[in-house]
Amino acid sequence: MSKHHSTAMPSEGSTAVPGLVAGIDIGGTKIAAMLVDGSGRIVARGQVAAPARDGGSAMADAAAGLTRELLEEQDGVLLAAGVGAAGVIDHATGTVRAASATFVDWVGFPLAAELRERLGVPVAIENDVNAFLLGELSHGTATDSDVLGVMLGTGVGGALVLDGRLRHGPHGAAGEIGHTPGYSTVRCTCGQVGHLETLASGTSIGLRYGERTGEGGLSAHEVADRARSGDVDAIAVYEAAGRAVALACASAAGMLDLSSAVVGGGVSRAWDLLAPAIETALATDSPVSGVPLHIVPATLHTDAVALGAAAAARALVPAAPVREEPVVA
Ligand SMILES: [Zn+2]
């Protein structure tokens, strides 16, 4: 198992605040963790390969082991841990309700309880897209108390914060805009037809380009490179993705009176290719409120999920009593 980690140099940034929380990003290929102090500063970070095929216990062992390893080099005490994990999460029980086939023995796995046992602190579990949005709100540029998060990755995930609070919904799937219909006539990975994901996921961008050109197997990144070189089919695929994302955000904004949406995931790195179609769509499909909808790219990139998980962990920690310095008589 390859692993590497690093610790912030003592000279870097402000003085560390002792109470630490861990933010853990559990994906299908890697587990990334960071320790965050009370001022929101990342004091240590590391990652290990995710043993997704070895089952839930192995994943929990790897996540807890990495966290303990990071803690060994710190003075501070761990107060709580948060996890952003792929799949549909039962927020009330900290259990995974549904996940892709990459994860063996993951559905039904009591992730929160298993990590609590291993780390000895309270544990919060969020879906990775929810954690991404919490991260962008706590450390990124998103500042609205009502905002939609859209993650354009292998699939398309969504998350929703209303009145400053993350909405989970009764089934843990609030904000899942990727699987809403009406964007195409193509079958989605979920089996239904026409979902936003069929145009806007990284996988779909490669597939749609292949259908237009007969050249399959390209990644979204490779299609982006071609678009920047003037390939009209590649440009059209990104235009379709941008327009679909904008219309989805506009629909959500109209429904919920949102004035901002933050878009992350690998596909959002090609913002230069998505933005023109987004602007065009917003010009004709603006919210009925008259307040313009702002669709902005995520700023934290790969750190967003772990930072959001750390924010969820911090929310579990009771407000610390004011520590008084001993008075010298
Ligand atoms: Zn779908």
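The shown structure was predicted, so the numbers you read here are calculated from the model rather than taken from an experiment. (Residues numbered from 1 in each chain as written. Predicted model: local features only at pLDDT ≥ 70, side-chain atom pairs only at ≥ 80, totals over all residues. Heavy atoms only, no water.)

## Notes on helix 5 (residues 202-213)
Every α-helical turn comprises 3.6 residues, leaving residues that sit three or four positions apart pointing alike.
Step number 1: Under the 1.5 Å per step criterion, the end-to-end length of helix 5 is 17 Å for 12 residues, consistent within 8% with the ideal 16 Å.
Step number 2: Regarding helix 5, the residues found buried are G202, S204, I205, G206, R208, Y209 and G210.
Step number 3: One or two positions beyond helix 5, positive phi appears at G214, with a value near 80°. (Helix = DSSP H or I, 4+ residues; strand = E, 2+ residues; numbered from the N terminus. Expected span 1.5 Å × (residues − 1). Buried < 20%, exposed > 50% of the residue type's maximum accessible area, 1.4 Å probe, protein only.)

## Considerations on the coordination of the zinc ion
Step number 1: Surrounding the zinc ion are the protein donor atoms H179 (ND1), C188 (SG), C190 (SG) and H195 (ND1), which sit 2.0 to 2.3 Å from the metal.
Step number 2: Geometry at the zinc ion is tetrahedral, judged from its four donor atoms and the angles of 99 to 117° they form at the metal.
Step number 3: Counting the intervening residues between successive donors of the zinc ion yields the motif H-x8-C-x1-C-x4-H. The same class applies to C188 as to H195, namely buried. (Donors = N, O, S within 2.8 Å, 3.2 Å for Na, K, Ca; no water. Tetrahedral: all angles 85-135°; square planar, octahedral: opposite > 155°, others 65-115°.)

## Comments concerning the packing of aromatic side chains
Step number 1: In the structure shown here, the tally under the stated rule is two aromatic pairs.
Step number 2: A ring pair is formed by W106 and F109, whose centres lie 5.9 Å apart and whose planes are at 15°; its orientation type is stacked.
Step number 3: Look at W106 and you get buried, because its relative accessible area is 0%.
Step number 4: Its relative accessible area of 6% is what places F109 among the buried residues.
Step number 5: The structure contains a cluster of three or more aromatic residues connected by ring pairs, namely F103, W106 and F109. (Phe/Tyr/Trp six-rings, centres within 6.5 Å; stacked < 30°, edge-to-face > 60°.)

## A word on the layout of surface pockets
Step number 1: Approximately 1400 Å³ is the volume attributed to the largest pocket.
Step number 2: What lines the largest pocket is a set of 45 residues, among which D128, M151, G153, T154 and G155 lie closest to the centre.
Step number 3: Of all the secondary-structure elements, those providing two or more residues to the lining of the largest pocket are strand 2 (20-26), helix 3 (128-139), strand 9 (147-152), strand 10 (156-162), helix 5 and helix 9 (304-314).
Step number 4: Per-element accounting of the lining of the largest pocket gives the leading share, four residues, to helix 3. (1 Å grid on protein atoms, 1.4 Å probe; cavity = no way out; pocket = protein on both sides within 12 Å on 5 of 7 lines; lining within 4 Å. Points joined across faces, edges and corners; volume = space filled by probe spheres on them.)

## Description of the side chain of D303
Step number 1: Of note, D303 is situated in the loop between strand 13 (294-297) and helix 9.
Step number 2: When residues no more than four places from it in sequence are discounted, the contact partners of D303 are M34, I42 and R45. (Contact = heavy atoms within 4.5 Å.)

## Thoughts on the pairing of strand 4 (residues 42-49)
Step number 1: Note: strand 3 (residues 30-36) against strand 4, seven bridges, orientation antiparallel. Bridge pairing in strand 4 places I31 opposite V48.
Step number 2: Taken together, strand 3 and the strand that follows it, strand 4, pair antiparallel across an intervening segment of five residues, in which G40 is found at a positive phi of about 85°. (Pairing = 2+ DSSP bridges.)

## With respect to the packing of helix 5 against helix 6 (residues 220-228)
Step number 1: At their nearest, the axes of helix 5 and helix 6 sit 8 Å apart, and the two run at 55° to each other. Classified by the interaxial angle, the pair formed by helix 5 and helix 6 is oblique. In this structure, helix 5 uses G202, I205, G206 and Y209 to contact helix 6, whose residues at the interface are A220, V223 and R226.
Step number 2: Residue classes in the contact of helix 5 with helix 6 are distributed as four nonpolar, two polar and one charged. (Axes fitted to C-alpha atoms, helices over the stretch in contact; angles between N-to-C directions. Parallel < 35°, antiparallel > 145°, perpendicular 65-115°, else oblique. Nonpolar A, V, L, I, M, F, W, Y, C, P; charged D, E, K, R; others polar.)

## Here's the deal with the domain arrangement of the protein chain
A common way to express how large an interface is: the accessible area buried when the components associate.
Step number 1: In terms of domain boundaries, the protein chain breaks down into domain 1 (3-132 + 304-314) and domain 2 (144-299).
Step number 2: The centre of domain 1, based on its C-alpha atoms, is set 27 Å off from the matching centre of domain 2.
Step number 3: Counting from both sides, the interface comprises 10 residues of domain 1 and, opposite them, 15 residues of domain 2.
Step number 4: Of the roughly 910 Å² buried at the junction of domain 1 and domain 2 (both faces included), carbon and sulfur atoms supply 67%.
Step number 5: Summed over the three residues of domain 1 that lose the most area to domain 2, namely V129, N130 and F132, the buried surface amounts to 60% of that side.
Step number 6: Taken together, domain 1 and domain 2 are joined by two residue pairs in polar contact (both at pLDDT 80 or more).
Step number 7: Listed by contribution, the elements that provide at least two residues to the side of domain 1 that touches domain 2 are strand 6 (88-90), strand 8 (123-127) and helix 3.
Step number 8: The element contributing the most residues to the side of domain 1 that touches domain 2 is helix 3, with three residues.
Step number 9: Here the residues of the side of domain 1 that touches domain 2 are counted per class, giving five nonpolar, three polar and two charged. (Domains from an automatic or database assignment. Buried area = accessible area lost by both parts, 1.4 Å probe. Polar contact = N/O pair within 3.5 Å; in protein donor to acceptor, adjacent residues only side chain to side chain.)

## Some details on the pattern of salt bridges
Step number 1: The tally for this structure, following the rule as stated, stands at 10 salt bridges.
Step number 2: Here E215 and R226 are joined by a salt bridge, their closest N and O atoms 2.7 Å apart. Note that E215 is positioned in the loop between helix 5 and helix 6 and R226 in helix 6, a separation of 11 residues in sequence.
Step number 3: According to the relative accessible area criterion, E215 is partly exposed, its value standing at 33%.
Step number 4: For R228, the salt bridge is made with D225, and the minimal N-O distance between the two is 3.6 Å. Linking R228 with D225, this pair stays in helix 6, spanning three residues, or about one helical turn.
Step number 5: By relative accessible area, R228 is classed as partly exposed at 42%.
Step number 6: Residue D225 is classed as partly exposed on the basis of its relative accessible area of 37%.
Step number 7: Within the structure, one salt-bridge network assembled from shared partners comprises D61, E114 and R118. (Salt bridge = Lys/Arg side-chain N within 4 Å of Asp/Glu carboxyl O.)

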